[in-house]
Every structure is written in structure tokens, then in C-alpha cells.
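Residue strings, one per chain:
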Amino acid sequence: MTDTVAVIFGGPSDEHDISILTGLQSSRILSNKYDILNIYWTKDNKWYLVDQNLESIDFLDQKKILKKELTIKYDSNPGFYLKKKPVDFNVAVNACHGGPGEDGTLQSLLTLLGINYTGPSLTTSQIGMDKYVFFTLMKEKGIPVLDKHLVIPNSRPKFEGPYILKPRFGGSSIGVEVLEDYETAVKLTENSNLYTQGATIEKFLENSHDLLVGVRTFPEVDLSEIEKPIRTSNYELFSYNDKYLDNGGLEGSKRELPANIEKNIEDSIKDMIQKFLETTEIRGISRVDFLKHENEIYLNEVNTVPGSHALYLWQNLGKSKFDLLNDMVKEAKVGTHYWSTDGSDGIALKNAKDIQSKLG
């Protein structure tokens with residue numbers, strides 16, 4: 001019997017439109033093996049079963065596509081329902097970026113409903129989404145990170161500008177600004193909805209550039225090649241336009257893959273990933289972002305549900321998009337857990353040892 005996989009995308013997030021692209025792509029790729037259900041989560045927090053053959057442009061006129069509204073029940077047979085009939089599936093693929101789809105809210109809901117899902121657990125989702133908590137944890141682990149300061153009136157950072165302002169919770173470079181002074185940062189956060197959950201600032205490093213790596217631990221520890229995105233806009237940051245609007249979207253963006261970097265920088269990145277895996281539970285595919293400035297390398301953030309699931313990062317390594325997504329589904333289906341319950345080394349720590357031997 002063919003398994004049924006539900007792909008969940010959309011959600012009340014600033015990254016809603018990017019999630020639609022990831023969801024539709026995932027649905028088409030997995031349809032080679034599975035029966036697919038597309039569950040669309042609207043910006044106003046409603047759920048619909050939508051046709052698998054839709055294109056992203058179809059979501060501009062939602063009256064035509066939102067015909068089958070779903071409800072959620074928490075009774076003796078919890079789950080999604082279409083009218084009074086349960087919507088049955090084996091695994092949910094989480095294709096939601098940002099907001100409640102990536103910060104642990106959706107993960108909590110699926111756990112309550114007893115639904116296995118791809119991607120990070122509740123705890124990892126919360127750590128990955130909260131830039132200040134992630135920075136604090138990585139710094140405690142001894143991983144090089146840029147100091148961050150919470151933007152609060154009458155509380156100045158200990159480092160001088162220029163600064164990078166970021167929403168404390170969020171992604172896709174939305175709301176990221178380069179500012180000369182702290183007062184401007186405070187005013188922006190007080191007058192923009194992008195920062196209602198808080199904001200952080202860090203030192204802006206001129207002439208720095210990003211280095212991105214895909215990481216997964218199922219069925220074994222596996223790293224993608226290191227990517228160096230090429231900024232096409234006249235901007236000092238890898239911007240939303242660079243990621244999604246220029247050159248045909250994320251997978252069409254200009255990049256070096258593999259990045260042309262020095263051996264010592266590559267070794268530093270692998271060493272930081274090893275320490276990262278010793279600290280943080282990973283499921284599915286995450287993208288770990290680094291910042292290189294002169295001869296220094298810093299761990300910037302982790303994107304636990306990256307755009308397109310970062311599948312393109314393995315394109316030169318003989319792993320198809322289907323193989324990568326299928327491994328995520330298989331991982332979720334068996335309900336893989338990463339922490340032991342008896343005090344012994346859990347799988348996360350085992351994976352850290354595996355990656356040490358694999359990466360040398």
C-alpha cells in the first residue's frame with residue numbers, strides 16, 4: 001500500500017509566499033512515490049486541502065482554490081478533518097518558513113495530534129528561531145559568534161556601530177537593516193510591525209560574506225558542499241532580493257558551489273558544525289550560515305526549515321532532490337529521536353562523533 005504524505009505550507013508568517021514555493025516543489029518531487037495531500041495554512045490561520053497541480057500564481061486569487069476547509073479535532077481521534085471525515089496520512093512534511101511554522105508552534109500542534117513530521121523538534125525550532133537565544137547557546141559552547149544586543153530603550157550595546165538590525169524572530173532577510181547609530185535602531189523597532197517580538201543588533205563587518213552549509217543526520221551524518229552566495233544587488237548584505245527575486249528565486253540565485261575558500265576556513269566551518277551538532281538536535285535538513293570577515297569565521301545562525309529545504313546544496317554530490325526529501329519522510333515515519341532516555345549517549349552525540357570521524 002502506498003503511503004500518504006501531507007505537505008503543509010503557508011502559515012501566518014512574513015515568509016508565507018516563500019513557503020508556498022517550497023511546499024509545491026516538495027509535493028511534486030514526492031509524488032513520484034507517495035500519495036500527496038497539500039494542506040495550505042492561510043495567513044488568517046485557516047486550513048485548506050488544495051489541489052496538487054496548483055502553481056504559485058494560483059494563490060493570488062484564493063477564492064478559486066480554497067474550497068475544502070479543514071478543521072482540527074483533539075478528541076479520541078485527533079487530527080485534520082474534512083467535514084466529518086478524518087484526513088489520514090502517514091507523515092507531514094513541514095514546508096513552513098518563519099513564524100509559527102518554524103518556531104515550534106506547528107511542531108507542538110502536530111505532536112498533540114500524534115502526527116509524525118519532518119524537520120526540527122519543538123525545542124530545536126525555538127532555539128533556531130530565536131536569534132538571541134541561539135547566539136547565547138553557541139557562545140556558551142565556545143563557538144565563534146558575533147556579539148548580539150537586544151534593542152531596548154536606555155540599554156546601549158557595548159560595541160560601536162555601524163550595526164546590523166534584525167528581527168529577533170524571523171528569516172529570509174526580512175527586516176534586516178544596516179544602521180549607523182543605535183538611536184535609529186530603537187526608533188525603527190518602535191515603529192515597525194517586523195520587530196513586535198523584539199530585535200537584535202550586532203556589529204556590521206564591511207566586506208564580509210556569507211558561507212552556507214546544508215546539514216542532515218539521517219540516515220547518517222551528511223554535509224552539503226559549502227556555498228558562497230553572490231550578492232547581485234548594490235547592498236552589503238545577502239538580501240531578500242538576492243535570495244528570492246533576482247535570477248529566478250533561491251535555486252537560481254548566483255553562487256559559488258562549492259565555494260572557493262581556503263582550506264583553513266573550510267576546516268574551521270567543519271569544526272564548528274561538529275560542536276554545533278554536539279549542542280543542538282537536528283532533524284530533516286537544516287542550513288547553517290556562517291559569516292567570513294578577513295581571516296575570521298563566525299557562526300551566524302541556523303535555518304531549521306530552509307527555502308527549498310536547501311536541496312540544491314547537494315546538487316554536485318550525486319544526491320537527487322527526491323532522495324533527500326524521501327530520507328526526511330523516512331526519518332519522520334520511524335519517529336526518530338535524538339536524545340537517550342537512560343543517560344547514555346543519545347543519537348545526537350553519536351552523530352557528533354560520527355561527523356568527527358567523517359570530517360577528519
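First, a word on scope: everything that follows refers to the structure included in this document. Remember, predicted model here, so these are calculated numbers, not experimental data.

What follows is about the packing of aromatic side chains. As enumerated under the stated definition, the model contains nine aromatic pairs in all. With centroids separated by 5.8 Å and ring planes inclined at 40 degrees, the aromatic side chains of F9 and Y40 adopt a geometry described as tilted. In this pair, F9 sits in strand β1 (residues 4–10) while Y40 sits in strand β2 (residues 35–41), placing the two residues 31 residues apart along the sequence. Since its relative accessible area comes to 0%, Y40 is described here as buried. Pairing F80 with F89 gives two aromatic rings, centres 6.3 Å apart and planes at 40 degrees, and the pair type is tilted. Classification of F89 by relative accessible area gives buried; the value is 16%. Directly above the ring of Y81 sits K73, whose terminal nitrogen or CZ lies 4.5 Å from the centroid. A cation over an aromatic ring shows up here: R283 above the ring of Y117, its NZ or CZ 5.0 Å from the ring centre.

Across the sheet, seven strands lie side by side as β6-β5-β4-β3-β2-β1-β7; this open sheet has mixed pairing. Among the strands making up the open sheet, the edge pair consists of β6 (85–86) and β7 (91–94). Sheet topology places β1 next to β7; four bridges connect them, and they run parallel. What sits directly across from I8, in β7, is N94.

Cut-offs applied
Residues numbered from 1 in each chain as written. Predicted model: local features only at pLDDT ≥ 70, side-chain atom pairs only at ≥ 80, totals over all residues. Heavy atoms only, no water. Phe/Tyr/Trp six-rings, centres within 6.5 Å; stacked < 30°, edge-to-face > 60°. Helix = DSSP H or I, 4+ residues; strand = E, 2+ residues; numbered from the N terminus. Buried < 20%, exposed > 50% of the residue type's maximum accessible area, 1.4 Å probe, protein only. Lys NZ or Arg CZ within 6 Å of the ring centre and 35° of its normal. Pairing = 2+ DSSP bridges.

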